[in-house]
Amino acid sequence: MVRARSAERRAEILRATLEVIAERGCRGASLSAVAERVGLSQQGLLHYFPTKEALLVAVLEERDQWDTGGGTRSDGAWRIDLLTSLVEYNAMRPGIVQTFSALLGESVTEGHPAREFFTRRYAQVRASMAAMLRAEYGERMPGGLTPERAAPLLVATMDGLQYQWLLDPDSVDMPAAFQDFLALLRSAEPGAAEDPSS
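What counts and what doesn't
Residues numbered from 1 in each chain as written. Predicted model: local features only at pLDDT ≥ 70, side-chain atom pairs only at ≥ 80, totals over all residues. Heavy atoms only, no water. Salt bridge = Lys/Arg side-chain N within 4 Å of Asp/Glu carboxyl O. Helix = DSSP H or I, 4+ residues; strand = E, 2+ residues; numbered from the N terminus. Buried < 20%, exposed > 50% of the residue type's maximum accessible area, 1.4 Å probe, protein only. pLDDT = per-residue confidence, 0-100. Contact = heavy atoms within 4.5 Å. Phe/Tyr/Trp six-rings, centres within 6.5 Å; stacked < 30°, edge-to-face > 60°. Lys NZ or Arg CZ within 6 Å of the ring centre and 35° of its normal.

(A) Structural view of the pattern of salt bridges. Throughout the structure, instances matching the rule amount to 7 salt bridges. R37 serves as the salt-bridge partner of E23, at 2.7 Å between the closest nitrogen and oxygen. Separated by 14 residues along the polypeptide, E23 in helix α1 (residues 2-28) and R37 in helix α2 (residues 31-38) bring together distant segments of the chain. R37 sits in the partly exposed class, given a relative accessible area of 33%. We note a salt bridge from E116 to R120, for which the minimum N-O separation is 3.7 Å. You can see E116 and its partner R120 sitting in helix α7 (residues 115-137), 4 residues apart, about one turn around the helix. Linked through salt bridges whose partners overlap, the residues forming this network are E19, E23 and R37.

Below is the structure:
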C-alpha cells in the first residue's frame, strides 16, 4: 500500500514537472515550482527525487515510455512511418525537447548524473532504429550501408534537427526537414550503390 502511494506520488510529480516545463521551459522548471504544484515542500520533493537532474532524467524516461508506446508495432519494433508523427509531436512540445537537448548536451561531461541514462538510451535507440531499417530495406540500405551503420545517422538527423529547431524555429521546419531526409532514403533502390553498372 505504501509502495503504491509512493508510485502514485512520483507519477504526480512527473506530470507536474512536465506542466512546469511546458509553461516555463527547462531553466524555469525549478524544484520549488514543482514542489508547490504538488503541495510539497522542496525538502519533501527531494525525498522522491534527490536532485533536479534526477527529476529531469525521470521525466525523460517517462517521455520515452510514452513515445515508444505510440511509435511501435505490437512486437515492440519501431515503424518508420510513425517516426514522422513523433517528430511532428515533438514540434508541439518545445519545453520537453529543450529539456532533453539541454540534459543531453550536459551529459557528455564525465560524472554527469544523466550520462548513464543517455548512454543506455542511445544504445537502445540505435538497435531499435537498425531493426526498423532492416524491416523497411532489408540487409542493405540505399547507398549500400547496413542498417547498423545507417541507424546512428538516422538518430543524429532527428536529434540534430531538434537542436537547430530550438535555436531558430522560424527558419527550421523540423517535421518538413525530417520528411526530406526520409525522401533521400527512399530516393535510391536498396543496393543500387553496390553495382556500378546499374
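(B) Main features of the confidence of the model for the protein. For the protein, the mean per-residue pLDDT works out to 84, and 87% of the residues sit at or above 70. With pLDDT under 50 throughout, residues 70-74 is counted as low confidence; its partners more than four residues away or in other chains account for 10 contacts. Across residues 190-198, where pLDDT falls below 50, the model places 11 contacts with residues more than four positions away in sequence or in other chains.

(C) View of the packing of aromatic side chains. Tallying each qualifying case throughout the model produces 3 aromatic pairs. When the centroid spacing of 5.4 Å and the interplanar angle of 75 degrees are considered together, the rings of F100 and F118 count as edge-to-face. Taken together, the residues span a long stretch of sequence, with F100 in helix α6 (residues 94-107) and F118 in helix α7 at a distance of 18 residues. With a centroid separation of 4.9 Å and 70 degrees between ring planes, the pair formed by F117 and F118 is classed as edge-to-face. The residues F117 and F118 share a single accessibility class, namely buried. Following the ring pairs from residue to residue traces out a cluster consisting of F100, F117 and F118. The ring of Y122 has R121 sitting right over it, with the charged end atom 5.8 Å from the ring centre.

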